[in-house]
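# Structural overview for review
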Amino acid sequence: MAAKRKRRKPAGFRPEWLSGGLVILLCLALYLLKLNPELTARLPGGEQITAAIAELYGDGEISPRPLLPAESEVELPEGQFELHMVDVGQALSVLLRSPEGAFALIDAGDRDDGEAVCSYLRDLGVQKLDYLIATHMHADHIGGMDEVVKEFAIGKLILPDTPESLTPTSKSYADLLDAISEKGYRITLAKPGARYALGGAQLTILSPGKEYEDLNDTSVVTRIDYGERAFQVEGDAEEIAEEDMLEKRRAQPVDVLIAGHHGSSTSSSLAFLRALQPAYIGISCGEGNSYGHPHAEAVERMQKIGATILRTDLNGTVIFYTDGQALNAQVQRS
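Bringing the pairing of strand β5 (residues 128-133) into the picture now. As paired strands, strand β4 (residues 103-106) and β5 are joined by three bridges and run parallel to one another. Looking at the pairing, Leu 105 lines up with Leu 132 of β5. Following the backbone out of β4, through helix α4 (residues 114-123) and into the adjacent parallel β5, one traces a crossover that is right-handed. Where β5 lies against strand β6 (residues 153-159), five bridges are found, and the strand directions are parallel. Note on β6: the bridge partner recorded for Leu 129 is Ile 154.

Moving on: the confidence of the model for the chain. On average, residues of the chain carry a pLDDT of 86, and 78% of them reach 70 or more. Within the model, the stretch residues 1-6 combines pLDDT values under 50 with zero contacts to residues more than four positions away or in other chains. Scored below 50 in pLDDT, residues 55-70 shows 33 contacts in the model against residues more than four places distant or in partner chains.

Consecutive residues of a regular strand have side chains that alternate between opposite faces of the sheet. Here strand β3 (residues 94-97) shows a buried face lined by Val 94 and Leu 96 and a second buried face lined by Leu 95 and Arg 97. Here strand β2 (residues 81-85) runs beside β3; their pairing, made up of four bridges, is antiparallel. If you follow Met 85 over to β3, its bridge partner there is Val 94. As judged from the four bridges shared by β3 and β4, these two strands associate in the antiparallel manner. Bridge assignment links Arg 97 to a residue of β4, and that residue is Phe 103.

Bringing the side chain of Arg 311 into the picture now. Summarising the element assignment, Arg 311 is placed in strand β14 (residues 308-311). In terms of polar contacts, Arg 311 uses its side chain to reach the side chain of Asp 313, at 2.7 Å.

On to the sheet that holds strand β13 (residues 280-283). Reading across the sheet, the seven strands line up as β8-β9-β10-β11-β12-β13-β14 and stay open at both edges, with mixed pairing between neighbours. Strands with a single pairing partner mark the edges of an open sheet, and in this sheet they are β8 (195-198) and β14. On average, each strand axis in the sheet is inclined to that of its neighbour by 20°, with strand direction left out of account. In terms of strand pairing, β8 meets strand β9 (residues 201-207) through four bridges, oriented antiparallel. What sits directly across from Ala 197, in β9, is Gln 202.

Okay, the pattern of salt bridges next. Scanning the model with the defined rule gives ten salt bridges in all. Two residues, Arg 122 and Glu 115, come together in a salt bridge whose shortest N-O distance is 2.6 Å. In this structure, Lys 210 and Asp 244 form a salt bridge, with 3.4 Å as the shortest nitrogen-oxygen distance. Placement of Lys 210 in the loop between β9 and β10 (221-226) and of Asp 244 in helix α8 (residues 239-247) is noted, with a sequence separation of 34 residues between them. If you follow the salt bridges from partner to partner, you end up with Arg 111, Lys 171 and Asp 175 in one network.

Here we come to the environment of Phe 231. With respect to the helices, strands and loops of the structure, Phe 231 is situated in strand β11 (residues 229-233). Accessibility expressed as a relative area gives 0% for Phe 231, which makes it buried. Between the alpha carbons of Phe 231 and Val 256 there is a distance of 4.7 Å; along the sequence they are 25 residues apart.

A separate point is helix α10 (residues 296-304). Among all positions in α10, only Ala 298, Val 299, Arg 301 and Met 302 are buried. Projection of α10 onto a plane perpendicular to its axis shows the buried side chains occupying an angular sector of 160°, all on one side. Exposed side chains of α10 directed beyond 90 degrees from the buried face belong to Ala 296, Glu 300 and Gln 303. The inward-facing, buried residues of α10 contact α8, α9 (270-276), β13 and β14.

Okay, α4 next. Buried within α4 are the following residues: Gly 114, Val 117, Cys 118, Tyr 120 and Leu 121. For α4, the angular spread of the buried residues around the axis is 155°, confining them to a single face. Downstream of α4 by one or two residues, Gly 125 has phi in the positive range, about 80°.

Before going further, it helps to examine the packing of aromatic side chains. One pass over the structure, following the stated rule, counts four aromatic pairs. Centroid distance Phe 81 to Phe 231: 5.6 Å. Interplanar angle 45°. Geometry classified as tilted. Here Phe 81 is found in strand β2, whereas its partner Phe 231 is found in strand β11, with 150 residues between them in sequence. Considered together, Phe 81 and Phe 231 belong to a single accessibility category, that of buried residues. Centroid distance Tyr 280 to Phe 320: 5.2 Å. Interplanar angle 55°. Geometry classified as tilted. Separated by 40 residues along the polypeptide, Tyr 280 in strand β13 and Phe 320 in strand β15 (residues 317-322) bring together distant segments of the chain. Phe 320 shares its class with Tyr 280; the two are buried. Chaining the aromatic ring pairs together yields one cluster made of Phe 81, Tyr 226 and Phe 231.

About the thresholds
Residues numbered from 1 in each chain as written. Predicted model: local features only at pLDDT ≥ 70, side-chain atom pairs only at ≥ 80, totals over all residues. Heavy atoms only, no water. Pairing = 2+ DSSP bridges. Helix = DSSP H or I, 4+ residues; strand = E, 2+ residues; numbered from the N terminus. Right-handed = clockwise from strand over helix to strand, strands pointing away. pLDDT = per-residue confidence, 0-100. Contact = heavy atoms within 4.5 Å. Buried < 20%, exposed > 50% of the residue type's maximum accessible area, 1.4 Å probe, protein only. Polar contact = N/O pair within 3.5 Å; in protein donor to acceptor, adjacent residues only side chain to side chain. Axes fitted to C-alpha atoms, helices over the stretch in contact; angles between N-to-C directions. Salt bridge = Lys/Arg side-chain N within 4 Å of Asp/Glu carboxyl O. Arc of directions from axis to C-beta. Phe/Tyr/Trp six-rings, centres within 6.5 Å; stacked < 30°, edge-to-face > 60°.

If you want it as structure tokens, here you go:
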């Protein structure tokens, strides 16, 4: 019987080539996932995959934009779009101003902040707010809003569609509704995907997209685009609302993020931060506040993605401004 002939391997074949090729394919796959952190976050074991990507490529490379140095006490140039994170202590108030002179206000601080917010607007020459947005009905966000409604003309008033089970009975909420009624304004309920022009900028509502069991998660989340730059204001949106934005592909890269819930550990998840890739993160919180905001866990996650953090308790009012390309920040200690 003739002996079996051994099958000859192709000339030049090396077994190690197979393993080497698999390594190359794995690295390529991880790199492609690195470019799409939103997809990575939705995969089974997404956190482990993200950690492997960070280990391979480095956390700093997740953000495609260089970090920008914060300037202090410089005169703002003309023709800029501005976002003012106003220092209202353990509360939130954000003013948007377009180069065309259009204004939008998101939240108005706590009950004791109404006059301070109005004074800040007056100093900037505000007579009319094209948009007034209440993120949600907690007093540290709408407490001063009744005074704003009384003093300034309002173009469009945007509120979340708060479920009846979560409707507050606070005096702040009652005072706001009374002020709106006295001025005869109609309320526009926030709808995801709704877009509004603010001069040359565009405001897009991202959340809430469904009913939640926690009032914080009903927060109106607003994205603002101006030229090549983008900003996002979270209100008190927490991880469950962030997960919904990720799932619905509403979490896209921005340059500036005003962190959810004053830097609470229950907001700003790592998956969400990696999807947004902000160069700057602003945190509105009061000095020595009893809540411990911002929480160390949240700050650590923000630092992990390489963001520059600016806080009202440490920096005072923070103003981000851009011509649509260059982006700068200014801090104003009161």
